[in-house]
Each structure stands twice: as C-alpha cells, then as structure tokens.
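# Fold and geometry: a report
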Amino acid sequence: MSHISAAWRGMRAVEEKKYEEAIKDLSTALKESASPLWLLARSRAFIGVGRFQEALDDADLAWHKAYQRNQRPGMTEAHYRRAVAHYRLGHLADADCCCLYSMRIVKGHPALEKQDPAEQFVDEQGRWTVTMEAVMEEAKAESVNKAQAYGMALGGGDQNTPQVQEWRKASTLRLQILNSMKKLAEDDPNRKPTVRQKPAEKALSNPVVENKQEKKEAKPAGASAAPADAPLRLQEFQSTSNMSVSIFSKGNNKEKLQVEFLPFAVRMQNIVYPAGHEADFELDLWGEIEPAASTYTVTPNKVELNLKKKSPGKWAALLGEGKAATKSATEKEEEEKVEALKQARKKAMEEAEAAKPKPAETKPSYPTSSKSGPKDWDKIGEEEDDDKGSDVNLFFKNLYSNSTPEQQRAMMKSFTESNGTSLSTNWEDVKDRVVETVPPEGVEAKKW
C-alpha cells in the first residue's frame, strides 16, 4: 500500500505549496489507481508550477473518473479545475463555460444535460456573450435568495455548506475571467468557446519530474516553439484616464523581470520572448504617463501594464515614435538641473545689468569763481524741496493709504473743516461736530 502513503504525502505537499514534491508523489500513486481526488490534487500542483496543459488534462480525466463513480462533488471540482487551467492558458470563453458547468451541478442539474447549457450564450459568430455585469447580478440574487435553498436541497441548512462554497468559488472566478475578456479584441479567438460539458477523455499522463538542475537549464514554462525573431504580442484597452496593456509572454520570473516606467515609455528587462529566450523590451508610448502612478502585474501567460495617463483623454494609438522623454529618470533629472542652472544664471546677469548706475545726463556748467567748482543751476532749490516737502507729502500719503475707511473719512472731514489746521483719525470724535480752525500760535485765522 505504498501508493496510498505516496498519495497522502502528495496531498499534504499541495496544501503546503510544495508542488514539485506533490507531482512526484501523486504520480506514483496514480500509477496504481486513477482516483479523481488525486487527479484534482495533481492538477492544482501543475497549475502551481506553470504546467497548465497538463493541469487541464488531469482535470478532464478527473471529471470522467468522478462521473463513472457518480461523485457529483468530484465533477463540480473537476469543472472548476478545468476553468482554472483554461484561464491560465488564456482561453477565456472556455474558462467561463467550465465555471458555468460547475455551478449548474451545484444547483442540482444533471451532470450531462440533453442540450449543452453553454449554447444559449453563444452568438451567430460563435462568440461568448455573457458579461461581467450579468454574473454580478446573478451572484447578488443567488447569495441573498437562493444560496441557502441550494444548501438545503443538497443536504445542508445554511449558506456555508461545501456545495454553496463551490458555487461561490466558481462565481468569483467568473468575474476575473470576464473582466479579462473585456480587454480582448472583438475578433480574438479566445472569445469563442470550444469546450463541452463532457470533456474529451484522455489517457493518464506520466509526467517527467524535473530535478533542480534540469529546471535551471530548461527554457521557461509555457514558452512555445517559435522563430527566434518572433515579436511579443500586445493588446491594449484604454479609458480616458488609463491605458491597459497586455504583453503576452509565458514563463516570466517575477523576481528577475524588471519594469521601469518613463514619461513616454516603458522599459523591461529579462522578459521572455515567444522563442523562449530572455531579452530587453521597450514600449514607446503615444502619450505621456505618470510613472509613479503606473503599475504592472506578472501572470503565467502575460505581463499586465496599467498606465496612468498624464492628461485625461483618448490616445490615437498605443505606440508613439520614441520621444526624447524616454530617457531614464536619472538622465532627465540631470538635464532638468542643468537647464535650471542656465535659467538662474541668465536671470542673475539680467538683474546685475539692471542694477548698474546709469550715466548722468550732462548738463551745461557755467564759469564760476566758487571754491566748490562749477554749479548746475538747474538743480538749485531741488535739495530743499526733497528734504522738506517730499518727506511731508509722503508721510501724509502713506498715513491716508494705510488707514481704514472710517479713519480716512475722519481725516478728510477734520482737515477740510479746520482749514488744514487739524487732522483726526477718530471718526467717532468728529462725525457729529464741526471741527474748528485752530491756527498755530502767533497766527490769526481770517475769513476771506
């Protein structure tokens, strides 16, 4: 019974996310018995190491084994595992179909229905028509009104039965799938479902378990045979504020991949090309973005970029013409510093030039015997005016302009009524009386 022990070790390894160990032990157990439970566990392990096609093969076979044994929970989980594998492979319509199959078994529908339930959601062009909004509405209605009923019908009285949990799990995955499908082009083949309620039965696979050295030398998981110069496939979707870009690249190392956001470009290092090799990649953008607000996500099949637009609005295209702003942040910062220094120097020179004293206008000088030399007769009397009158006028001007409206009224009233001999800033004092003329001592006021 060593295969039972191997299966037990493999199941525990899956829960601990030790996927390579799990594949090895579960493969040993499956040689003796093709248990649907062990197949489903190995499908999870294959997903964990990025071997999605093998995960799909195990899920398909698990459905047949569960169907032969009339195990409805096994068929429910098998459809869900099929959905996960298709989703990771990028087959979005197929993935949502499998979620639908899983949820119908939970609701009590036959495992094989006379008419495939997915057919009602396919249009004339063969495209999947289910929307994320429709699934969200269904989820709200089911969780509030019907989930408890399903649980009771399937042997439970509350909404946390395993069956209801399976229904919710599939419903949640559907939202992720359909959200991704919104970004696909209308003619993308992944919008067309190809799966059926009864999957094709496949033989049990005997996978090769790679050791660590082999794993290092092997090309990235998911990399397909392609010409060495095959380019990366891009797909974009934009709103007025964001540009979302999918770069289809399988088997990227999250720790190794480096992404740098620039105002007009995105630079990537060590991204996996279709031929399986790693190289750098630069995406020149049509419009300007905010690097600090832009993010990226690495999935097994692609790299998702979420670019925050600098200015809201629609871009004419994703790609630009390689603008000068694609320089690194450090280079751009240095250029900005140099430009700032140039501007500061220019401003300082202009201020220094403005501060230079202008040459005095030459005035005619006249012969004189004065010891102080020639005298400019045009300036005679200016010094006296400047020292006395200008200072007094400036004082009163500043006093008036810096006063409140009430103070200004008081000053005007007192100065006028007193014939220029009195000045008050207290409106409460002068508003109800006539300000008398008070001439300086020794001076007599006369009425003309």
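Here the structure is a predicted model, which is why all the values come from computation and not from measurement.

### What about empty space enclosed by the protein?
- Scanning the model with the defined rule gives one cavity of 30 Å³ or more in all.
- Every residue along the wall of the largest cavity is listed here: Ser180, Lys183, Leu184, Gln235, Ser246, Lys302 and Glu304.
- By residue class, the composition of the lining of the largest cavity is one nonpolar, three polar and three charged.

### A look at the sheet that holds strand β1 (residues 233-238)
- The four strands are arranged β1-β2-β7-β6 in an open sheet whose pairing can be described as antiparallel. With one partner strand each, in any of the chains shown, β1 and β6 (295-298) form the two edges of the open sheet. Going across the sheet, the axis of each strand differs from the next one's by a mean of 15°, ignoring polarity.

### Examining the pattern of salt bridges
- All chains considered together, the criterion is met by 20 salt bridges.
- For the salt bridge of Glu304 with Lys302, the shortest nitrogen-to-oxygen distance reads 3.1 Å.
- Owing to a relative accessible area of 15%, Glu304 belongs among the buried residues under this scheme.
- We classify Lys302 as buried; its relative accessible area is 16%.
- Put simply, Lys431 and Glu428 hold a salt bridge, and the shortest N to O gap is 3.1 Å.
- Judged by its relative accessible area of 34%, Lys431 falls in the partly exposed class.
- Using a relative accessible area of 51% as the deciding quantity, one classes Glu428 as exposed.
- Connected via shared salt-bridge partners are Glu77, Arg81, Glu166 and Lys169.

### A short note on the packing of aromatic side chains
- According to the stated counting rule, one finds four aromatic pairs in the structure shown.
- Centre to centre, the rings of Trp63 and Tyr67 are 4.9 Å apart; their planes meet at 10°, and the pair counts as stacked. Of the two residues, Trp63 and Tyr67 are both situated in helix α4 (residues 52-68); the distance of four residues between them amounts to about one turn of the helix.
- With a relative accessible area of 38%, Tyr67 lands in the partly exposed category.
- Between Phe261 and Tyr296, the ring centres sit 6.4 Å apart and the planes meet at 45°, which makes this aromatic pair tilted.

### Remarks on helix α6 (residues 92-107)
- Between its first and last C-alpha, α6 extends 23 Å over 16 residues, near the 22 Å set by a 1.5 Å rise per residue.
- Here α6 lies mainly inside the structure; 15 of its 16 residues are buried.
- Gly108 occupies a position one or two residues after α6 and carries a positive phi of about 105°.

### A closer look at the pairing of strand β4 (residues 265-272)
- Relative to β4, strand β3 (residues 258-262) runs antiparallel, the two sharing five bridges. In the strand pairing of β4, Leu262 is matched with Ala265.
- Where β3 hands over to β4, the hairpin turn is made up of two residues, counted between the paired strands.
- For β4 and strand β5 (residues 278-284), the ladder comprises six bridges, and the chain directions are antiparallel. Bridge assignment links Arg267 to a residue of β5, and that residue is Glu282.
- The hairpin formed by β4 and β5 contains five residues between the paired strands, and Gly276 there has a positive phi angle of roughly 105°.

About the criteria used
Residues numbered from 1 in each chain as written. Predicted model: local features only at pLDDT ≥ 70, side-chain atom pairs only at ≥ 80, totals over all residues. Heavy atoms only, no water. 1 Å grid on protein atoms, 1.4 Å probe; cavity = no way out; pocket = protein on both sides within 12 Å on 5 of 7 lines; lining within 4 Å. Points joined across faces, edges and corners; volume = space filled by probe spheres on them. Nonpolar A, V, L, I, M, F, W, Y, C, P; charged D, E, K, R; others polar. Pairing = 2+ DSSP bridges. Helix = DSSP H or I, 4+ residues; strand = E, 2+ residues; numbered from the N terminus. Axes fitted to C-alpha atoms, helices over the stretch in contact; angles between N-to-C directions. Salt bridge = Lys/Arg side-chain N within 4 Å of Asp/Glu carboxyl O. Buried < 20%, exposed > 50% of the residue type's maximum accessible area, 1.4 Å probe, protein only. Phe/Tyr/Trp six-rings, centres within 6.5 Å; stacked < 30°, edge-to-face > 60°. Expected span 1.5 Å × (residues − 1).

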